[in-house]
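Descriptive analysis of the structure
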Amino acid sequence: MSPQERKQLNLNKTYKALLDLLADHQFSDISVSLLCRKAGVSRTYYYRNYHSMQEIISCYQEMTIESYLRILPHKMPLNFIQLMTAYFQLMQKQSEETRLLVNAGLTNTLIKAFRIVYLYLTEQGMIKRLNNSHRNNKYFASFMSGAVISTQIQWLDQGMQETPAELGRMLNQLFFS
């Protein structure tokens, strides 16, 4: 196993252990020792790779979103509707995880992860550049990330009635009309 594969495996184990613990514990009650024991990783691994438990969530979310977008059958770069449709397809699959994180008060961690991925994908040319008014606004990525995550939470709370494609079109209209 390559070092990169081992790192991903340990991140997966640590993230899943954190979710398991969140099902039964308050976030503030989860210690590093408890998390490492549950994940089967050492405290040295934890402290070498993460500054906080929120960073585990961010790293896992970033890795998941990036890898999901890479396997999409669309030609690159994606437009905003395709990006949002793909994002909500993935989030539909991860609805229970997201509920645990939101209930634990980690909404800002989800916003941060989305923003990081969005900026990375834009820089890598995987997402079509937006029109000049949004591209030149240094706060647009933060604004959009908060709006997308807020929409995601409301969508989950309301039983995911709209399809991911409907949400993609709706958000595109809200941001770019």
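Refer to the structure presented above.
Now for a look at the structure at hand. By convention here, each chain's residues receive numbers from 1 onward along its written sequence. Given that the model is predicted, a residue must reach a pLDDT of at least 70 before its local features are reported, and side-chain atom pairs must reach 80 or more before they are shown or counted; all residues, however, enter totals for whole chains, interfaces and linings. Hydrogens are left out, water is left out, and the side-chain values use all remaining heavy atoms of the structure.

**Notes on the packing of aromatic side chains**
- Note on aromatic pairs: the rings of Phe, Tyr and Trp (six-membered ring only in Trp) are paired at centre separations within 6.5 Å, and the planes decide the class, stacked below 30 degrees, edge-to-face beyond 60, tilted for the rest. A complete count under the given rule lists 14 aromatic pairs for this structure.
- Ring centres 5.8 Å apart and planes at 75° place the aromatic pair Y45 and Y50 in the edge-to-face group.
- Summary of the burial criterion: residues with accessible area below 20% of their type's maximum are buried, those above 50% are exposed, and those between are partly exposed, where the area comes from a 1.4 Å probe applied to protein chains only. Judged by relative accessible area, which is 9%, Y45 ranks as buried.
- Of the residues examined, Y50 reaches a relative accessible area of 5% and is grouped as buried.
- Centre to centre, the rings of F88 and W155 are 5.3 Å apart; their planes meet at 85°, and the pair counts as edge-to-face. Linking F88 in helix α5 (residues 80-93) with W155 in helix α9 (residues 140-157), this pair joins segments that are 67 residues apart in sequence. The secondary structure listing takes helices from DSSP runs of H or I that are at least 4 residues long and strands from runs of E that are at least 2 residues long, numbered from the N terminus.

**Considerations on the pattern of salt bridges**
- Here a salt bridge means any side-chain nitrogen of Lys or Arg lying within 4 Å of a carboxyl oxygen belonging to Asp or Glu. Considering all chains together, one arrives at two salt bridges under this definition.
- For E97, the salt bridge is made with K16, and the minimal N-O distance between the two is 3.2 Å. With E97 in helix α6 (residues 95-103) and K16 in helix α1 (residues 3-24), this residue pair connects regions lying 81 residues apart in the sequence.
- Classification of E97 as buried rests on a relative accessible area of 16%.

**Description of empty space enclosed by the protein**
- Grid spacing is 1 Å over the protein atoms alone, the probe is 1.4 Å, and a cavity is where that probe fits but cannot get out, while a pocket is an open set with protein on both sides within 12 Å along at least five of seven lines and lining residues have an atom within 4 Å of a point. Grid points are joined across faces, edges and corners, and a volume is the space filled by probe spheres set on the points. Inspection of the entire model under this criterion finds one cavity of 30 Å³ or more.
- In this structure, the largest cavity encloses a volume near 40 Å³.
- In terms of lining residues, the largest cavity is bounded by I65, L69, L83, Y87, F114, V117, Y118, L121 and I127.
- Broken down by secondary-structure element, the contributors of at least two residues to the lining of the largest cavity are α4 (53-70), α5 and α7 (107-123).
- No other element matches α7, which puts four residues into the lining of the largest cavity.
- Along the lines of polarity and charge, the residues of the lining of the largest cavity split into nine nonpolar, no polar and no charged. Classification convention: Asp, Glu, Lys, Arg as charged; Ala, Val, Leu, Ile, Met, Phe, Trp, Tyr, Cys, Pro as nonpolar; all other residues, Gly among them, as polar.

**Points about the packing of α4 against α7**
- All axes are obtained by fitting lines to C-alpha atoms, using only the stretch in contact for helices, and the reported angles, taken between N-to-C directions, cover 0 to 180 degrees. Relative to each other, α4 and α7 sit at 40°, their axes nearing to 9 Å. The angle between the axes of α4 and α7 places the two elements in the oblique class. Helix-helix and strand crossings are classified by hand; for α4 and α7 the assignment is right-handed. For the pair α4 and α7, contact is made by Q54, I57, S58, Q61, E62, I65, E66, L69 and R70 and by T109, L110, K112, A113, I116, V117, Y120 and L121, respectively. An angle counts as roughly parallel when it lies under 35 degrees, as roughly antiparallel when it exceeds 145, as roughly perpendicular when it falls between 65 and 115, and as oblique in every other case. Each helix crossing is assigned a hand: it is left-handed if the near helix lies turned anticlockwise from the far helix by less than a right angle, otherwise right-handed if that turn is clockwise. Whether two residues are in contact is decided by their heavy atoms, any of which lying within 4.5 Å being enough.

Such coordinate-based values are descriptive only and should not be taken to indicate function.
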